[in-house]
Structures are given as structure tokens and as C-alpha cells.
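Residues per chain are reported as follows:
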Amino acid sequence: MATELFVNLPTTDLERAKAFYTGLGWRINENFTDENAACVVIDEHLYLMVLTRDFFATFTDKPIADPRTSLQVETAFSRDSREDVDAILDRALAAGGAEPRPPQDYGFMYARDFEDPDGNLFSALWMHPMAAEQGPEALMAQQGAGGDGQAPQA
């Protein structure tokens with residue numbers, strides 16, 4: 001069985017959160033959704049559990065941070081292309097999210113951040129396949145050698 005990842009996030013308005021995440025093109029698994037929580041299916045084996053703050057508090061004795069003023073975690077996920085990164089940001093903004101900073105373009109990697117209406121931070125990113133597999137230095141070395149791994153011809 002593959003490992004499944006469930007990221008738990010607090011919300012002050014569960015219905016607003018459900019509308020936001022479905023606006024991204026993700027879906028709600030109604031089998032694990034009630035008045036306290038919503039199971040958001042991002043992809044196979046990758047889920048958000050969006051919990052009302054009161055319900056979220058039952059899982060810990062620690063105070064629950066306000067994501068509008070404190071960062072506990074940034075949830076990052078990959079996209080297949082730079083255009084896919086831009087597309088999910090467009091959907092996040094249209095669904096009521098915010099883009100807290102400009103896009104980050106490192107050549108081998110392109111990322112854009114968004115916050116949901118509660119202030120929870122996400123990063124959508126695309127990475128060149130060679131950089132993802134061999135590291136950014138390998139890609140830069142190939143590009144410096146003419147892009148085909150051979151030394152440039154004089």
C-alpha cells in the first residue's frame with residue numbers, strides 16, 4: 001500500500017474553505033466530511049483535512065496558531081509545467097486566495113505562492129526534470145555545454 005499524506009489545516013469557516021479548495025479543481029471526499037472537517041483530495045494519496053479551529057484543537061494541547069500572523073508550515077506541491085503553476089494561481093486568486101509575494105524564477109525551478117482565505121500558505125512549483133533528478137548543477141552544466149552535454153563548438 002502506498003503511503004498517503006494528510007495535511008491538517010485549521011479554518012474559521014469550513015464552507016468557505018471547501019468552496020476555495022474545490023475552486024482550485026480539487027474535490028471533497030464526502031465520506032470523510034462533516035460539520036467539523038472536510039477531506040480535500042488533491043491527488044492520489046495526497047489530501048488536506050480542513051478542520052474547524054475548535055475541532056482542530058481537540059488533536060493537541062498546544063495553542064493553535066493563526067495562519068494570518070504566524071507560519072507553522074508551507075505546503076508545497078509540484079505541477080507539470082510553468083503554465084500549470086500559473087493556472088492554479090489564477091484559480092486560487094479567483095476563488096478568494098491571495099498571492100503574498102512575486103513569483104520565484106530560478107531557471108531550473110519556477111514557483112508561486114498562495115494563501116487560502118484563512119492565511120494557510122501553499123507553494124505551487126515546477127522543476128525542470130533533469131534538475132529534479134540530478135540536481136540543478138547538472139542542468140546548469142548541460143546548458144553551459146550547449147544543452148546537449150557536449151562542449152560548445154568554436
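Keep in mind that what you see is a predicted model, and the values were worked out from it rather than measured. (Residues numbered from 1 in each chain as written. Predicted model: local features only at pLDDT ≥ 70, side-chain atom pairs only at ≥ 80, totals over all residues. Heavy atoms only, no water.)

A.B. asks: Hey, could you run me through the layout of surface pockets in this one?
C.D. replies: To find leftover empty space, one rolls a probe the size of a water molecule over the atoms. The calculated volume of the largest pocket comes to roughly 330 Å³. Lining the largest pocket are 17 residues, and of these Pro-10, Phe-56, Ile-64, Ala-65 and Gln-72 lie nearest its centre. At 3 residues, the largest contribution of residues to the lining of the largest pocket is made by strand β1 (residues 5-11). (1 Å grid on protein atoms, 1.4 Å probe; cavity = no way out; pocket = protein on both sides within 12 Å on 5 of 7 lines; lining within 4 Å. Points joined across faces, edges and corners; volume = space filled by probe spheres on them. Helix = DSSP H or I, 4+ residues; strand = E, 2+ residues; numbered from the N terminus.)

A.B. asks: Any chance you could explain the pattern of salt bridges here in plain terms?
C.D. replies: Oppositely charged side chains may form a pair once their charged atoms are brought near each other. Per the stated rule, a full pass over the model turns up 6 salt bridges. Among the salt bridges present, the one from Arg-101 reaches Asp-113, with a minimum N-O distance of 2.9 Å. Within this pair, whereas Arg-101 is found in the loop between α3 (82-94) and β6 (104-105), its partner Asp-113 is found in strand β7 (residues 109-115), the two being separated by 12 residues in sequence. Since its relative accessible area comes to 43%, Arg-101 is described here as partly exposed. The class of Asp-113 is buried, set by a relative accessible area of 3%. Ionic contacts of the salt-bridge type, sharing partners, join the residues Asp-86, Glu-99 and Arg-112 into one network. (Salt bridge = Lys/Arg side-chain N within 4 Å of Asp/Glu carboxyl O. Buried < 20%, exposed > 50% of the residue type's maximum accessible area, 1.4 Å probe, protein only.)

A.B. asks: Mind showing me how you'd approach the sheet that holds β1 here?
C.D. replies: Sheet strands pair by backbone hydrogen bonding; their relative direction is either parallel or antiparallel. In spatial order, the strands read β1-β4-β3-β2; together these 4 strands make up an open sheet with mixed pairing. At either end of the open sheet lies a strand with only one pairing partner, and these are β1 and β2 (27-29). On average, each strand axis in the sheet is inclined to that of its neighbour by 35 degrees, with strand direction left out of account. Looking at chain direction, β2 and strand β3 (residues 37-43) are connected through 3 bridges and run antiparallel. Along β3, the bridge assignment pairs Ile-28 with Val-40. (Pairing = 2+ DSSP bridges. Axes fitted to C-alpha atoms, helices over the stretch in contact; angles between N-to-C directions.)

A.B. asks: What exactly am I supposed to notice about unusual backbone geometry here?
C.D. replies: In terms of backbone geometry, most residues other than glycine have negative phi values and most peptide bonds are trans. Its identity as a non-glycine residue notwithstanding, His-45 has a phi of 75 degrees, on the positive side. On the secondary structure map, His-45 appears in the loop between β3 and β4 (46-52).

A.B. asks: What is the right way to read the nonpolar core from this model?
C.D. replies: If you look at soluble globular proteins, the nonpolar side chains tend to sit buried side by side. Ranked by internal contacts, the top residues of the largest apolar core, which has 24 residues, are Tyr-21, Leu-24, Trp-26, Leu-48 and Phe-114. Of all the elements in the fold, those that place two or more residues in this core are β1, α1 (14-23), β3, β4, α3, β7 and β8 (121-127). In this structure, Ala-37, Cys-39, Val-41 and Tyr-47 belong to the second largest nonpolar core, which totals 7 residues. (Core = buried A, V, L, I, M, F, W, Y, C linked by side-chain atoms within 4.5 Å.)

A.B. asks: Where do I start with the sheet that holds strand β5 (residues 74-78) in this structure?
C.D. replies: With mixed pairing, 4 strands are arranged side by side in an open sheet as β5-β8-β7-β6. With partners counted over all chains shown, the strands left at the sheet margins are β5 and β6, one partner each. Inspection of the sheet shows β6 paired to β7 by 2 bridges, in the antiparallel sense. Among the inter-strand pairings, Gln-104 is bridged to a residue of β7, identified as Ala-111. Of the strands in this sheet, β5, β6, β7 and β8 touch α3, which is tilted by about 10 degrees from β7. (Contact = heavy atoms within 4.5 Å.)

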